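Architecture at a glance
Chain by chain, the residues:
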Amino acid sequence: MATCAGANAIYNVLEKGDVVMLAEGLDIFRTPVPADLVGRSLGGTSIRDETGCSVIAIEEDGRRVVNPPADMPIPGGPGAELILIGTTASERRFMERYASGGRSTRHR
C-alpha cells in the first residue's frame, strides 16, 4: 500500500499536480536547469554526491524523461527543468550549490 501511495505521489508531482506529502522530511521539487549543468551528462555531475538529491526526471519542451539515463545530456532550453527528490537539507544544499537566484517548486 505504501509503495502504491508513493508512486501515486510521484506521478502527481510529475504531472504538476498539487502539493503532496511523499513522506515526512522527503521532498520532491522542480527547478529550472542551472546553467552550469547544461550540456553535461547526468552521470558526469556530482549532484547526488554533493547534495544528497537524486534527479528523478528531466523535462524540456513538453517531453519528460523519468529515471533519466546517466549518459543523457542535461538540456538547457527555455522551460527545461529538473525534478529531484531528497530531504529538506538535501534540497537546500542543491539550491546553494547549483541555483543562482533560481526558484524551486517544492512538493511534500
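Figured I'd write up the structure that's included with this text. Treat the numbers as computed from the prediction; the structure is a model and nothing was measured. (Residues numbered from 1 in each chain as written. Predicted model: local features only at pLDDT ≥ 70, side-chain atom pairs only at ≥ 80, totals over all residues. Heavy atoms only, no water.)

Digging into the overall build of the protein
Secondary structure assignment for the protein yields 3 helices and 5 strands. What you see in the protein, going N to C, is helices and strands ordered as α-β-α-β-β-β-α-β. (Helix = DSSP H or I, 4+ residues; strand = E, 2+ residues; numbered from the N terminus.)

Looking at the packing of aromatic side chains
Under the definition given, this model contains 2 aromatic pairs. By the ring-pair criterion, three or more aromatic residues cluster together here, those being Phe 29, Phe 94 and Tyr 98. (Phe/Tyr/Trp six-rings, centres within 6.5 Å; stacked < 30°, edge-to-face > 60°.)

Some thoughts on helix 3 (residues 88-98)
An α-helical turn contains 3.6 residues, so any two residues separated by three or four positions project in the same direction. Three or more residues of helix 3 are buried, namely Ser 90, Glu 91, Phe 94, Met 95 and Tyr 98. All buried residues of helix 3 lie within an arc of 135° about the axis, which places them on one face of the element. (Buried < 20%, exposed > 50% of the residue type's maximum accessible area, 1.4 Å probe, protein only. Arc of directions from axis to C-beta.)

Regarding the side chain of Arg 30
As for its placement among the helices and strands, Arg 30 is situated in strand 1 (residues 26-32). Polar contacts involving the side chain of Arg 30 include one to the side chain of Glu 59, which spans 3.2 Å. There is a polar contact of 2.8 Å between the side chain of Arg 30 and the side chain of Glu 81. (Polar contact = N/O pair within 3.5 Å; in protein donor to acceptor, adjacent residues only side chain to side chain.)

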